[in-house]
Amino acid sequence: MIVKITSKRQVTLPVQVLDALGVGPGDQLELKESPDGFILRPRRIDYSKLGSLKDKIDPTVEPFDIEKFRSEPYDPSLRD
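Below is a short write-up of the structure. (Residues numbered from 1 in each chain as written. Predicted model: local features only at pLDDT ≥ 70, side-chain atom pairs only at ≥ 80, totals over all residues. Heavy atoms only, no water.)

Attention now goes to the overall build of the protein chain. The number of helices and strands found in the protein chain is two helices and two strands. Relative to the globule expectation of 12 Å for 80 residues, the C-alpha radius of gyration of the protein chain, 21 Å, shows a markedly less compact shape. Referenced to the eigenvectors of the C-alpha coordinate spread, the extents of the protein chain come out at roughly 55 × 40 × 20 Å. Scored against the burial criterion, the 80 residues of the protein chain give a buried share of 2%. Restricting to contacts in the protein chain with at least 6 residues of sequence separation, those with at least 24 account for 3%. The average position of the 13 basic charges and that of the 14 acidic charges among the side chains of the protein chain differ by 8 Å. (Helix = DSSP H or I, 4+ residues; strand = E, 2+ residues; numbered from the N terminus. Rg over C-alpha atoms; globule rule 2.2 N^0.38 Å. Buried < 20%, exposed > 50% of the residue type's maximum accessible area, 1.4 Å probe, protein only. Contact = heavy atoms within 4.5 Å. Lys, Arg positive; Asp, Glu negative; His and termini not counted. Charge placed at Lys NZ, Arg CZ, Asp CG, Glu CD.)

Moving on to unusual backbone geometry. Its identity is not glycine, yet Arg 9 carries a phi of approximately 65 degrees, on the positive side. Accessibility expressed as a relative area gives 75% for Arg 9, which makes it exposed.

Let's shift gears to the packing of aromatic side chains. Pairs of aromatic rings are described using the distance from one ring centre to the other and the angle between the two planes. The full count for this structure, using the stated rule, is one aromatic pair. Judged by centre distance (5.7 Å) and plane angle (50 degrees), the rings of Phe 64 and Phe 69 are tilted. Exposure class is identical for Phe 64 and Phe 69. Each is exposed. (Phe/Tyr/Trp six-rings, centres within 6.5 Å; stacked < 30°, edge-to-face > 60°.)

What follows is about the pairing of strand β1 (residues 29-34). The sheet contact formed by β1 and strand β2 (residues 37-42) spans six bridges and is antiparallel. Looking across to β2, one finds that Lys 32 is bridged to Ile 39. Two successive antiparallel strands, β1 and β2, enclose a turn made up of two residues. (Pairing = 2+ DSSP bridges.)

We now examine the environment of Leu 21. Position of Leu 21 among the secondary structure elements: in helix α1 (residues 15-21). Measuring from C-alpha to C-alpha, the distance between Leu 21 and Pro 42 comes to 6.4 Å, with 21 residues separating the pair along the chain. Leaving out residues up to four positions away in the same chain, Leu 21 has contacts with Leu 29, Leu 40, Arg 41, Pro 42 and Arg 44.

Attention now goes to a nonpolar patch on the surface. A contiguous nonpolar surface patch, about 410 Å² in accessible area, is contributed by Met 1, Val 3, Ile 5 and Val 11. Considering the arrangement of structural elements, one finds Val 3 in the segment before α1. Classification of Val 3 as partly exposed rests on a relative accessible area of 36%. (Patch = residues over 30% accessible without salt bridge, like charges linked within 9 Å, V, L, I, M, F, W, Y side chains within 5 Å. Areas by Shrake-Rupley, 256 points an atom, 1.4 Å probe, with all protein chains shown as cover. Salt bridge = Lys/Arg side-chain N within 4 Å of Asp/Glu carboxyl O.)

Structure below.
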């Protein structure tokens with residue numbers, strides 16, 4: 001498989017490659033150098049390195065309901 005480098009040094013990866021990596025818009029890819037060349041792999045969040053937030057969340061605060069927020073009408077005058 002051959003990909004072209006643009007004048008801005010950008011590369012578009014074929015959809016088959018992105019599907020095989022399991023990535024989509026907004027995801028990040030990591031390039032790692034190895035003796036055989038470069039390895040391309042998806043960059044995932046290592047949840048074991050994240051601190052627990054359970055003790056920092058006020059238990060009396062109701063969770064945010066994104067679906068309810070999306071379904072509520074909005075005032076067009078509040079837009080940019």
